[in-house]
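These are the residues of each chain, in order.
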Amino acid sequence: MIDGLDPVIHVPKRLAAMAVLANAPTVTFRFLKDHLQISDSDLSRQMSTLEAAGYVSSTKAGYGRGGSTTYRMTRAGQTAYQNHCAALRALIGGA
């Protein structure tokens, strides 16, 4: 019944981040933080987990307070997200 759910993506904050990334070519750290309404450290942890899984990649520009980080979903992330969404739909009977 829960086949296909990805434990990395299934965490609500990471699922929300993946949903945002699925609808934009790139997103900034600040945009994700504001959109998800979570702290810098929490967002950093969640995105590091997604990056370690190969689902997102990041690009850093600048250093210190003036620096920025931009994220994009990888192909592996797109596939994993689509599969996870399909599994959720099947679970709730919307497949």
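Here, the structure is the one placed above.
Residues numbered from 1 in each chain as written. Predicted model: local features only at pLDDT ≥ 70, side-chain atom pairs only at ≥ 80, totals over all residues. Heavy atoms only, no water.

Some thoughts on the overall build of the chain
- Scanning the chain from N- to C-terminus turns up 5 helices and 3 strands.
- Along the chain, from the amino end to the carboxyl end, the secondary structure elements read α-α-β-α-α-β-β-α.
- Taken against the 2.2 N^0.38 rule, which gives 12 Å for 95 residues, the C-alpha radius of gyration of the chain at 14 Å falls within 12% of a compact globule.
- For the C-alpha atoms alone, the extent of the chain along its principal axes is close to 45 × 25 × 20 Å.
- Residues counted as buried form 31% of the 95 residues belonging to the chain.
- The contacts of the chain with a sequence gap of at least 6 include a subset with a gap of at least 24, amounting to 54%. (Helix = DSSP H or I, 4+ residues; strand = E, 2+ residues; numbered from the N terminus. Rg over C-alpha atoms; globule rule 2.2 N^0.38 Å. Buried < 20%, exposed > 50% of the residue type's maximum accessible area, 1.4 Å probe, protein only. Contact = heavy atoms within 4.5 Å.)

Concerning the side chain of Thr69
- When you line up the elements, Thr69 lands in strand β3 (residues 68-73).
- Beyond its immediate chain neighbours, meaning those up to four positions away, Thr69 contacts Val27, Thr28, Phe29, Ser58, Thr59 and Lys60.

Thoughts on the packing of helix α3 (residues 29-36) against helix α4 (residues 40-52)
- Viewed as axis vectors pointing N to C, α3 and α4 meet at an angle of 110°, and their least axial separation amounts to 10 Å. Comparing the axis directions of α3 and α4 gives the class roughly perpendicular. Every pair of crossing elements has a handedness; the one defined by α3 and α4 is right-handed. Note on element contacts: α4 touches α3 through Asp40, Leu43, Ser44 and Met47, opposite Phe29, Leu32, Lys33 and Leu36.
- Here the residues of the contact of α3 with α4 are counted per class, giving 5 nonpolar, 1 polar and 2 charged. (Axes fitted to C-alpha atoms, helices over the stretch in contact; angles between N-to-C directions. Parallel < 35°, antiparallel > 145°, perpendicular 65-115°, else oblique. Left-handed = near helix turned anticlockwise from the far one by under 90°. Nonpolar A, V, L, I, M, F, W, Y, C, P; charged D, E, K, R; others polar.)

Observations regarding the pattern of salt bridges
- All told, the structure shown has 3 salt bridges when counted by the stated rule.
- Asp40 is paired through a salt bridge with Lys33; the nearest N and O atoms lie 3.1 Å apart.
- Among the residues examined, Asp40 registers a relative accessible area of 41% and is labelled partly exposed.
- Residue classification places Lys33 among the partly exposed positions, given a relative accessible area of 29%.
- Close ionic contact of Arg45 with Asp42 constitutes a salt bridge, the shortest N to O distance being 3.5 Å. Taken together, the positions of Arg45 and Asp42, both in helix α4 and 3 residues apart, correspond to about one turn of that helix. (Salt bridge = Lys/Arg side-chain N within 4 Å of Asp/Glu carboxyl O.)

Description of a nonpolar patch on the surface
- A contiguous nonpolar patch, built from Ile2, Leu91 and Ile92 and spanning about 320 Å² of accessible area, is present on the exposed surface.
- Residue placement: Leu91 occurs in helix α5 (residues 75-92).
- Look at Leu91 and you get partly exposed, because its relative accessible area is 31%. (Patch = residues over 30% accessible without salt bridge, like charges linked within 9 Å, V, L, I, M, F, W, Y side chains within 5 Å. Areas by Shrake-Rupley, 256 points an atom, 1.4 Å probe, with all protein chains shown as cover.)

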